[in-house]
Amino acid sequence: MFVPLRKSLVDICSFDDLMQRMMSYLSLDTCKEIFKTMTEVTKNAAIVIQSHFRKLRDRRNYLRMINAVHFLQTVVRAWLIANSCGPSHEPDYKSSKEEASVEEGAGAVN
């Protein structure tokens, strides 16, 4: 029943030592209740730590994705501006060719 608690206390003190010390001050039922609470706290702490780690990992992935989208938007907008496809931004090749032919023709007549 208290195996997780026993494993978590290995670095601090032995589970049996802790139980003996507590039993000198408290009844057996109270000791069991305390151990049960400590076990639940240990489980909850692990769950909270894992939850925060997953949140951190997912947030980092989300921010990477957002930065990539912002970069792509910037590149596409720059490309659209550079290659302006609208009629008002297209160079007028016909009028410049007509002007050149008119000037050539005018120069030949003289």
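These numbers were taken from a predicted model, which means no experiment stands behind them.

Rules of the game
- Residues numbered from 1 in each chain as written.
- Predicted model: local features only at pLDDT ≥ 70, side-chain atom pairs only at ≥ 80, totals over all residues.
- Heavy atoms only, no water.
- Salt bridge = Lys/Arg side-chain N within 4 Å of Asp/Glu carboxyl O.
- Buried < 20%, exposed > 50% of the residue type's maximum accessible area, 1.4 Å probe, protein only.
- Helix = DSSP H or I, 4+ residues; strand = E, 2+ residues; numbered from the N terminus.
- Expected span 1.5 Å × (residues − 1).
- pLDDT = per-residue confidence, 0-100.

So, on to the pattern of salt bridges. Should the charged atoms of two oppositely charged side chains come close, the side chains can pair. Applying the stated criterion across every chain yields a total of one salt bridge. One salt bridge in this structure joins Asp-58 and Arg-57, with 3.6 Å as the shortest N-O distance. Residue class for Asp-58 comes out partly exposed when judged on its relative accessible area of 41%. For Arg-57, a relative accessible area of 40% translates into the label partly exposed.

Let's shift gears to helix α3 (residues 28–82). Over its 55 residues, α3 extends 81 Å from the first C-alpha to the last, a length consistent with the 81 Å expected when each residue adds 1.5 Å. If you check which residues of α3 are buried, you get Cys-31, Phe-35 and Thr-39.

Before going further, it helps to examine the confidence of the model for the chain. Residues at a pLDDT of 70 or more form 64% of the chain, whose mean pLDDT is 76. Of all secondary-structure elements in the chain, the lowest mean pLDDT belongs to helix α4 (residues 93–109), at 59, while α3 reaches the highest, 88.

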